[in-house]
Amino acid sequence: MSANDRYDYIIVGGGSSACVVAEKLVRDGKARVLLLERGPAKANPIMSFPAGYMKFLAKDTYLTMHQTKPQPQLNGRGPIVPQGKVLGGGSTVNAMVYMRGQAADFDLWNKLISPKGSNDGAWSYADLLPYFKAQEDNDHLAGEFHGVGGPLKISHLGHTSPMTRTYVKTLQGMGIPYNPDFNGARQFGVGFMQHTIDWKTKRRSSAVDAFLAPVMNDPLLSIETEATVTAIRMDGERAAGVDYVRNGSRMSASAGEIILAAGAYQTPKLLMLSGIGPDDELTKHDIQKKVVLPGVGKNLQDHYECPVVATTKGSFGYYGADKGWPMIKAGLQYLLFKSGPVSTTGVETCAFFDPDGNNDYPTIQMFCVPTVYLDRDVMGAEPGDGVTINSLLLRPKARGSVRLGSKDPFENPIVDTQIFGHPDDLRLTMAGFRFARTVLDASPMRDLINKEIFPGADVTSDEAIAAHCKRTVKTGYHPVGTCKMGHDSDREAVLDTSLRVRGTRGLRVVDASLMPTIVSGNTNAAVMAAASKAADLILGYIGHIS
């Protein structure tokens, strides 16, 4: 098929949600689908190794680096926020953690999107659990909360460090119970995280591997990579097609329905470039108004984390494992036996809790990274043997935004994170930081610790801790919410509960933009489950899970 053909569906973006939706539309709907991804078709083979993603964390090879708007509440800092730019999106470049979030997160969606006084939004945890289970092929969990035999491989890591195991034991001694399944009945506790890794091959199970690969050679599916969509073509209120640039050539394609899956930054940007968005934003950039929707680009949410760093009395983690003989030895062990340091992502454990004591609904996810993990320009110290404990805020109250930088479709949007824009966000982050310090000083963790080096044991006052958090806070790489779904009475709801863009026909959003509120954990799992439900909505399959 050529790009001038008319398709049943055009999917803009090639990340996790796009892969899930494309597979269902082709397999179940027998539809002609064009998928357009602005990044390359494949990542370096190293990215398929569990430890491989760390080689590319700070590079723009497969990431778009968004320089965010300077934040007055961070003393002018504007942290860089990356987004995947490769087929498979975040699932190809992320740390592979499989974390759904709390049941209450999805029940809140249902409440927010339902008509006032009802609870019939059809996006509750009970509504989404069958989708989670249908996608999942878990290496050892089954029953009420887990699936076996699905396309997405879920497993525990092939290696854990002594520091990781010490952290888990320490928190149990501090009253945080051991939780064998963060995606089960309760999130509160400490334990080992599951990952989207195939337990047989010990390789990444990306959305491409799980969903797109089985239909990759189907003649109904056309995939074009390194293709940047510049506009949605509107015929009145109907989305008729897209314009895009590939290999320097301007191209266009038409379809019965356009499905946006470009992520929480690029999806609202494309809508606004196409004349769908807030009145003032379209006026500012002299864009012809097609549909005025005040909520496009609003409601941005992300997870944010702050560290405490200590050196250790020996090597209990992974410092130096990526260089010289240790790297060669680890590589050989992985290639020959699928074990050792290469079979881990390096972040193997976390704990969920609430500093305010409501542990039925944790607000902090606290990671243990078994090395000195922080940019030396921020910390002022060299990497070495140590441990970094990051306290991540699960549900910030502040709301940021995404706006256009210009009418140029190749220019990144202006991302205003509003980190610590609500006082409660800073308060909870500081409480998480303080608790992380008590972990370093508790047995058996303290037996491994030499000393805290960042921010340093002398940083104790509220003012000093707040300054540390403002100086070091960084993204958890989970932006959501910028085209949220909602009820008719919600003026800033961009989507209806079937994910159709309000005021239009033939236009939907299926990526993380759709979330009215962020989920309490790594967002990739929730994005894939929501996308699977979205595909059923598109095909009219609601009533049974396909």
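Counting starts from 1 at the beginning of each chain's written sequence and moves along it residue by residue. Selection of residues for local features in this predicted model requires a pLDDT of at least 70, selection of side-chain atom pairs for listing and counting requires 80 or more, and totals for whole chains, interfaces and linings are taken over all residues. For the side-chain quantities, the full set of heavy atoms in the structure was used; hydrogens and water were omitted.

In the nomenclature of an unreviewed UniProt entry, the protein chain corresponds to Choline dehydrogenase protein from the organism Rhizobium gallicum bv. gallicum R602sp. UniProt positions are given in the numbering used here, feature names are shortened, and annotations may be inferred rather than shown by experiment. Reading the Sequence similarities (unreviewed entry) entry of the UniProt record for the protein chain gives the comment "Belongs to the GMC oxidoreductase family." Per UniProt, the protein chain has the following entry under Cofactor (unreviewed entry): "FAD".

Broken down by element type, the protein chain carries 13 helices and 24 strands. On C-alpha atoms alone, the protein chain measures out to a radius of gyration of 23 Å, which is about the 24 Å that the 2.2 N^0.38 rule sets for 546 residues. For each residue, the accessible area found with a 1.4 Å probe, counting protein chains only, is set against the maximum for its type, and the residue is called buried under 20%, exposed over 50%, and partly exposed in between. Classification of the 546 residues of the protein chain by burial places 59% in the buried group. Note on contacts: a residue pair is in contact if any heavy atoms of the two residues lie within 4.5 Å. Once local pairs closer than 6 in sequence are excluded, the contacts in the protein chain between residues at least 24 apart make up 69%. The Shrake-Rupley method, run with a 1.4 Å probe sphere, supplies the accessible areas, and residue values consider only the shown protein chains as cover. When the accessible surface of the protein chain is totalled, it reaches about 20600 Å², and 52% of it is carbon and sulfur. Positive: Lys, Arg. Negative: Asp, Glu. His and the chain ends are not part of the count. A charge is said to be at NZ when it belongs to Lys, at CZ for Arg, at CG for Asp and at CD for Glu. Considering the protein chain, the positive charge centre built from 58 side chains and the negative charge centre built from 56 side chains are found 2 Å apart. Helix and strand assignments follow DSSP, with helices taken as H or I runs no shorter than four residues and strands as E runs no shorter than two, numbered in order from the N terminus. In this description the radius of gyration comes from C-alpha coordinates, and the expected globular size is given by 2.2 Å times residues to the power 0.38.

Between 30 and 60 degrees the pair is tilted, below 30 it is stacked and above 60 it is edge-to-face, where a pair is any two Phe, Tyr or Trp rings, Trp via its six-membered ring, whose centres lie within 6.5 Å. Evaluation of the coordinates by the stated rule reveals nine aromatic pairs. Pairing F56 with Y62 gives two aromatic rings, centres 5.4 Å apart and planes at 55 degrees, and the pair type is tilted. Judged by its relative accessible area of 10%, Y62 falls in the buried class. Taken together, the ring pairs connect F106, W109, W123, Y125 and F132 into an aromatic cluster. Only lysine NZ and arginine CZ atoms are considered, and such an atom sits over a ring when it is within 6 Å of the ring centre and within 35 degrees of the ring normal. The ring of Y361 has R395 sitting right over it, with the charged end atom 3.7 Å from the ring centre. The lysine or arginine in question, K533, covers the ring of W123, its NZ or CZ lying 4.9 Å from the ring centre.

Now for the nonpolar core. Only buried Ala, Val, Leu, Ile, Met, Phe, Trp, Tyr and Cys residues count toward a nonpolar core, and they belong to the same one when joined by side-chain atoms within 4.5 Å. Core analysis: the largest hydrophobic core is formed by 89 residues, its most contacted members being I10, I11 and L25. Counting residues per element, this core draws most heavily on helix α13 (residues 524–539), at 12 residues. For I10, the contacting residues outside a window of four places in its chain are L34, L36, V242, A253, S254, A255, E257, I258 and I259. One finds Y304, C368, I419 and L440 within the second-largest nonpolar core, a separate group that totals 37 residues.

Turning our eyes to something else, we now look at the pattern of salt bridges. Where side chains of opposite charge bring their charged atoms close, a pairing between them can arise. Salt bridge, as applied in this entry: a Lys or Arg side-chain nitrogen positioned within 4 Å of an Asp or Glu carboxyl oxygen. The final tally for this structure, using the stated rule, is 22 salt bridges. In this structure, R505 and E237 form a salt bridge, with 3.0 Å as the shortest nitrogen-oxygen distance. Placement of R505 in the loop between β23 (474–475) and β24 (507–509) and of E237 in the loop between β11 (227–235) and β12 (238–246) is noted, with a sequence separation of 268 residues between them. Overall, R505 belongs to the partly exposed group, its relative accessible area being 43%.

Attention now goes to the environment of D137. Topologically, D137 is positioned in strand β5 (residues 136–138). Judged by its relative accessible area of 9%, D137 falls in the buried class. Those residues within four positions of D137 in sequence are excluded, and the remaining contacts are G147, V148, G149, G150, L152, K153, I154 and W199. Looking at D137, its side chain comes within polar contact range of the side chain of K153, at 2.8 Å. The definition of a polar contact used here is a pair of N or O atoms within 3.5 Å, where within protein one atom must be able to donate a hydrogen and the other to accept one, and adjacent residues in sequence count solely through side-chain atom pairs.

UniProt annotation of "domain: Glucose-methanol-choline oxidoreductase N-terminal" (unreviewed entry) refers to residues 84–107 and 263–277 when read in the numbering used here. Taken end to end, residues 84–107 has its terminal C-alpha atoms 29 Å apart, with 38% of it in helix and 4% in strand. Note that residues 263–277 is 73% helix and 13% strand, and that its end C-alpha atoms are spaced 16 Å apart.

Moving on, we get to the UniProt feature "binding site: FAD" (unreviewed entry) in the protein chain. Within this numbering scheme, the UniProt entry marks V86, N94, A95, M96, V97 and V229 as carrying the feature "binding site: FAD" (unreviewed entry). These residues run over 144 residues, and the two farthest C-alpha atoms among them are 29.7 Å apart, placing them at more than one spot. Setting aside residues up to four positions removed in sequence, N94 forms contacts with Y53, R204 and N524. Position of V229 relative to the elements: it lies in strand β11. Sequence-distant contacts of V229, that is, excluding residues within four places in its chain, are made with V12, L36, V242, D243, Y244 and L270.

Helix length check: helix α9 (residues 324–337) (14 residues) gives 20 Å between terminal C-alpha atoms against 20 Å at 1.5 Å per residue, within 8%. Residue K338 follows α9 closely and has a positive phi angle near 55 degrees. Take the residue count of a helix, subtract one, and multiply by 1.5 Å to get its expected span.

Further remarks concern the domain arrangement of the protein chain. Annotation comment: domain bounds sourced from an automatic or database domain assignment. Per the domain assignment, the segments making up the protein chain are domain 1 (1–148 + 221–300 + 399–417 + 478–545) and domain 2 (157–193 + 303–398 + 420–472). For domain 1 versus domain 2, the separation of C-alpha centres amounts to 30 Å. With 38 residues of domain 1 in contact, the opposing surface of domain 2 contributes 35 residues. Area buried by domain 1 at its contact with domain 2 is led by M99, Q102 and R399, which between them contribute 20% of it. Connecting domain 1 to domain 2 are zero salt bridges. Linking domain 1 to domain 2 there are 17 residue pairs in polar contact (both at pLDDT 80 or more). If one sorts the elements of the side of domain 1 that touches domain 2 by residue count, helix α3 (residues 103–113) sits on top with three residues. Each of two parts loses accessible area, computed with a 1.4 Å probe, when they are put together; buried area is these two losses added.

Along the chain, Q135 turns up in helix α4 (residues 125–135). With sequence-adjacent residues up to four places away left out, Q135 is seen in contact with V20, G150, P151, L152, F211, M528, A529 and S532.

Here helix α1 (residues 16–27) is 12 residues long and its end C-alpha atoms lie 17 Å apart, about the 16 Å a rise of 1.5 Å per residue gives. Among the 12 residues in α1, 11 count as buried, and that is most of the element. Three or more residues of α1 are buried, namely S16, S17, A18, C19, V20, V21, A22, E23, K24, L25 and V26.

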